[in-house]
Amino acid sequence: EPENRIRTQTIQKSLSAYYVLACAEASSNLSRYDGVRYGMDRDAVLQYPSEEESDRNGHDQTTPLEKQYSRYRSLGFGNEVMTRILSGTAVLSSDLYHTHYEAAAMLRVFIKREFDSAFGTNNSNREEEEEEEGVHVMLVPTALTLPPLLNQDVDGTQML
């Protein structure tokens, strides 16, 4: 296989690596939104009634700080963001870190090297090269279906 080709398997695997890494980064980066230094306005959060968290015996299982975190994050983040945060937290846990996160990070490095090689951007001395051979443009499909016609009414579920 020529050196300047990007294999189909690389592109197919890149999506799974993206989701693992993006969720892990979202979890890590959004953990600072705790309502103390970053997050929603305190007065806006106080407008919403709080839900008491207790176990079956009525004993409180969370600290006031944990309650504050839970309240600010549940009001400040939508369902998709919370799903990504929880997925990222799971990926960064000690059980899945080595099998999922490290594998995705290694795949990211491999993908970058393959693209660098294909596009001729692998840090070689460019002044010595007369004519670079390689990929200059990459065309790939970005949608599973054709777009709707301009006069066609479409609901959101048809776009999936």
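Residues numbered from 1 in each chain as written. Predicted model: local features only at pLDDT ≥ 70, side-chain atom pairs only at ≥ 80, totals over all residues. Heavy atoms only, no water.

Glancing now at the packing of aromatic side chains. Counted under the stated rule, the structure contains 3 aromatic pairs. Taken together, a centroid distance of 5.2 Å and an interplanar angle of 65° make the contact between Tyr18 and Tyr19 edge-to-face. Ring geometry for Phe115 against Phe119: centres 6.3 Å apart, planes inclined by 25°, an arrangement best described as stacked. Of the two residues, Phe115 and Phe119 both sit in helix H5 (residues 94-119), 4 residues apart, roughly one turn of that helix. You can call Phe119 partly exposed: its relative accessible area is 28%. (Phe/Tyr/Trp six-rings, centres within 6.5 Å; stacked < 30°, edge-to-face > 60°. Helix = DSSP H or I, 4+ residues; strand = E, 2+ residues; numbered from the N terminus. Buried < 20%, exposed > 50% of the residue type's maximum accessible area, 1.4 Å probe, protein only.)

Another aspect to go through is the nonpolar core. Across soluble globular proteins, nonpolar side chains have a tendency to be buried as a group. Listed in full, the 10 residues of the largest apolar core are Ala17, Val20, Leu21, Ala24, Val91, Tyr101, Ala104, Ala105, Leu107 and Ile111. The leading source of residues in this core is H5, at 5 residues. (Core = buried A, V, L, I, M, F, W, Y, C linked by side-chain atoms within 4.5 Å.)

Moving on: helix H4 (residues 79-92). One full turn of an α-helix is made of 3.6 residues, so residues set three or four places apart face in the same direction. With 14 residues, H4 should cover 20 Å at 1.5 Å per step; its first-to-last C-alpha distance of 20 Å lies within 8% of that length. Three or more residues of H4 are buried, namely Ile85, Gly88 and Val91. Relative to the axis of H4, the buried residues are bounded by an arc of 125° and lie together on one face. Exposed residues lying more than 90 degrees from the buried face of H4 are Asn79 and Leu86. Here the buried face of H4 lies against helix H1 (8-30) and H5. (Expected span 1.5 Å × (residues − 1). Arc of directions from axis to C-beta. Contact = heavy atoms within 4.5 Å.)

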